[in-house]
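Examining the three-dimensional arrangement
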Amino acid sequence: MKNLLIIQVLLAVLMLSSCNKDLGNYNYVTLDSLLVADLPDTLNLTIGQEIDLDPTVSSQHNQIDISELKFQWDIFDPSIIPASESRFIIGNEKHLKIIPKLMVGKYPAYLKITQQSTGRSWTHRFIVNIEGKFGPYGWFILSDKNKKAHLDYFQDDQNNWNSNGTVYRDINNFWLDENTKSPLVLEGEPKSMEIYLNRDAVATAQKIYLYVNTSNNTYKINQTDGFTVNFLKYNFRNETASGNPSSADSIVAYSSFMSHAIKDNNLYAYYFMVSKYYNVPVNSDANGKIYRISPFICAPMDNSLMYAMFYDMDNRRFMRSNYSSARGGEVGITGENFDSSNTGMDLVWMGHTMAFNGQAVAIMKKNNQYYLLRMTFTTTGSVAFHSLTEITTSLTDITQANHFVVDNKYGYLFYTANDKLYQYDMDAKVLKVAKELNGRKVSMLKVERLISLSPSSPGTINNQTRMDPVLNSLLLGTYDESNPSSSGKVEFLHVQGLMGTLKQTIDPMEGFGKVVDVQYTDRY
């Protein structure tokens, strides 16, 4: 850091023609001297680190009124062609405080100071040197700001797990397409995310990919090679047989190279190892007739054979499939005046828990009456009826509930309604208010579903400090209705046995729009 820099004022003509050039290379007439301290020759940053420069300005001869000075900070990206488009203004205040959306490299930068009453100006040149890379552990948060998708990354600190570490806002702006050198722009409203190991006919090497689904597109980012973007090589359409669907509303991964994609109430299957690409919807009968499915897919974790349960909205029946299924088949179970092939009810919500050795849990509705349905559903595909209970009056506010989830470890049902988060023990039939929301609106309620891990798997047991808060916490996204674009927050509420008080094991993450989805990543 240079402690003191004396920058000479320029003649008016020379000032106008070379305000973005190093003044040391030219002979200028000295009219006055400006003393500028606390500016570097080279500013060294790690990728995503904030620039924080606040120079001290004074005059060698005459008193300078700081309020009369105009400041402009410029940075140049040499990778942009033509050079005329490589200049970016990054600040107009004396105190520059900004995270530059630049990848690793060296970037010329300039501070131009102009005395507004005389038009005289001074310029200082320095280098911004960016090093480092994004870490492999952390949380991606997808949020909605004025119907536009925003993606942030809270990188975990490997020396202090679950501490939020380094924060990268709008991280996609750091990812440049390998062909166009343009940053990744997420177009459309945010929908969902998924992360898993995959390959396709174009990108044949196996890589970990981050999928970001919006109303316009599904973006596929190569996480293995440092979050690489290539719109031609890493493209969701390369996973389809004929370009349909062109994008997904959501993706559910099961194991390496196998997944389901939902688009417009249709379900598509993918399994690279048997050359199965997204093509004809699974929700079609032998005659090719399509029936609509609900957006909820019930799929156990640690499920290498792709067992899944879904709901036929048109015929009101539960369906299932696995990796070898060309089309869905009826679940075909009965009990207590219940027939899964003809329920006569609408599905409100459905999820899965690893508790009770694996169970599908659904909220059903018929004639303004609400029901809690439980079915055994294991990682081996076994399905059996458990119970159907009418809950319209016994579960307070259930008719106004808008978000549901069942936790991975104990199998408690949680739902939000009327400014409260409720918790229900389905076996003991005990209901309580788990958390008051204090006027904040709920945009997301989920538990993390890791593809190859479950609460009892060796990968979880051997990494308890890191993985227990990830797998056994509710992820609650809320926002202030008066400020939805920046008040979004994610809370991590660790579920306790015996209906104990929810505990905060990871500090809340804040500063988002309406949080739509959250994904934990721990693999490159």
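If you're wondering where the values come from, they're calculated on a predicted model, not measured in any experiment. (Residues numbered from 1 in each chain as written. Predicted model: local features only at pLDDT ≥ 70, side-chain atom pairs only at ≥ 80, totals over all residues. Heavy atoms only, no water.)

Notes on the packing of aromatic side chains
For clarity, the threshold we go by: Each Phe, Tyr or Trp ring, with Trp reduced to its six-membered ring, pairs with another whose centre is within 6.5 Å; inter-plane angles below 30 degrees give stacked pairs, above 60 give edge-to-face pairs, and intermediate values give tilted ones. Whether a charge sits over a ring comes down to the Lys NZ or Arg CZ being within 6 Å of the ring centre and within 35 degrees of the ring normal.
This model, assessed by the stated rule, comprises 30 aromatic pairs. Across the ring face of Tyr 291, the terminal group of Arg 317 is positioned such that the distance to the ring centre comes to 5.0 Å. Positioned above the aromatic ring of Tyr 254, the side-chain terminus of Arg 449 is 5.6 Å from the ring centre.

Focus on the nonpolar core
Worth spelling out the cut-off: Working definition of a nonpolar core: buried Ala, Val, Leu, Ile, Met, Phe, Trp, Tyr and Cys residues. They are joined through side-chain atoms within 4.5 Å. Relative accessible area decides the class of each residue, using a 1.4 Å probe on protein chains only: under 20% of the type maximum gives buried, over 50% gives exposed, and in between gives partly exposed. Each helix is a run of H or I in the DSSP string that is no shorter than four residues. Each strand is a run of E no shorter than two, and both are numbered from the N terminus. In what follows, residue pairs with any heavy atoms lying within 4.5 Å of each other are defined as contacts.
Phe 140, Leu 151 and Trp 175 are the most contacted members of the largest nonpolar core, which has 63 residues in total. At five residues, strand E15 (residues 207-214) tops the list of elements feeding residues into this core. Contacts of Leu 151, omitting those with residues within four sequence positions, involve Phe 140, Ile 141, Leu 142, Arg 169, Asp 170, Ile 171, Asn 172, Trp 175, Leu 186, Met 193, Leu 210 and Val 212. If you look at the next biggest cluster of nonpolar residues, it comprises 21 residues, including Cys 298, Tyr 307, Leu 347 and Ala 360.

Let's talk about the environment of Phe 154
By the element assignment, Phe 154 lies in strand E12 (residues 148-155). Not counting chain neighbours up to four residues away, the residues in contact with Phe 154 comprise Tyr 137, Gly 138, Trp 139, Ile 141, Asn 164, Thr 166, Val 167, Arg 169, Met 509, Glu 510 and Phe 512.

Remarks on the sheet that holds strand E16 (residues 218-222)
Definition in use: Pairing between strands is defined by DSSP: at least two bridges between the two strands are required. Between N-to-C directions, angles span 0 to 180 degrees; the directions come from axes that are lines fitted to C-alpha atoms, helices contributing only their stretch in contact.
As summarised here, the arrangement of the three strands in space is E14-E15-E16, forming an open sheet in which the pairing is antiparallel. The open sheet terminates on both sides in strands that have one partner only, identified here as strand E14 (190-198) and E16. Each strand axis lies, on average, 20° off the axis of its neighbour in the sheet, ignoring direction. Where E14 lies against E15, eight bridges are found, and the strand directions are antiparallel. In the sheet register, Ser 192 faces E15, and the bridge partner there is Asn 213.

Notes on the sheet that holds strand E21 (residues 317-321)
Pairing is antiparallel across the open sheet formed by three strands, whose spatial order is E20-E21-E22. If you trace the sheet from one side to the other, it starts and ends with strand E20 (308-312) and strand E22 (329-330), each paired once. Bridge count for E20 against E21 is five bridges, and the pairing is antiparallel. Looking at the pairing, Phe 310 lines up with Met 319 of E21.

A few points about the side chain of Asp 77
Put simply, the rule reads: Only four residue types enter the charge count: Lys and Arg as positive, Asp and Glu as negative, with His and the chain ends excluded. Salt-bridge detection follows one rule: a side-chain nitrogen of Lys or Arg within 4 Å of a carboxyl oxygen of Asp or Glu.
Its location among the elements puts Asp 77 in the loop between strand E6 (69-76) and strand E7 (87-91). Lys 181 provides the closest opposite charge to the buried, unpaired Asp 77, separated from it by 9.9 Å.

Quick word on the pattern of salt bridges
A complete count under the given rule lists 17 salt bridges for this structure. When the shortest N-O distance is used, the salt bridge between Lys 97 and Glu 50 registers 3.2 Å. Taken together, the residues span a long stretch of sequence, with Lys 97 in strand E8 (residues 96-98) and Glu 50 in the loop between strand E3 (42-46) and strand E4 (51-53) at a distance of 47 residues. You can call Lys 97 partly exposed: its relative accessible area is 48%. A relative accessible area of 33% places Glu 50 in the partly exposed class. Between Asp 152 and Arg 169 there is a salt bridge, with the nearest N and O atoms lying 3.4 Å from each other. Linking Asp 152 in strand E12 with Arg 169 in the loop between strand E13 (166-168) and E14, this pair joins segments that are 17 residues apart in sequence. Owing to a relative accessible area of 2%, Asp 152 belongs among the buried residues under this scheme. The network of salt bridges with shared partners includes Glu 50, Asp 52 and Lys 97.

Quick notes on the pairing of strand E26 (residues 359-366)
Within E26, six of the eight residues are buried, which leaves it mostly tucked inside the rest of the structure. As paired strands, strand E25 (residues 346-353) and E26 are joined by seven bridges and run antiparallel to one another. Looking at E26, one finds that Thr 353 is bridged to Gln 359. Joining the antiparallel neighbours E25 and E26 is a turn of five residues, in which Phe 356 adopts a positive phi near 60°. As paired elements, E26 and strand E27 (residues 369-377) share eight bridges and run antiparallel to each other. In the sheet register, Ala 362 faces E27, and the bridge partner there is Leu 373.

Regarding the pairing of strand E10 (residues 121-131)
Buried residues dominate E10, accounting for nine of its 11 residues. Pairing between E3 and E10: five bridges, direction parallel. If you follow Leu 43 over to E10, its bridge partner there is Val 128. Two elements, strand E9 (residues 105-115) and E10, share 10 bridges in a ladder whose sense is antiparallel. By the bridge assignment, Lys 106 is partnered in E10 with Asn 129. Linking E9 to E10, which pair antiparallel, is a turn of five residues; within it Gly 119 sits at a positive phi near 85°.

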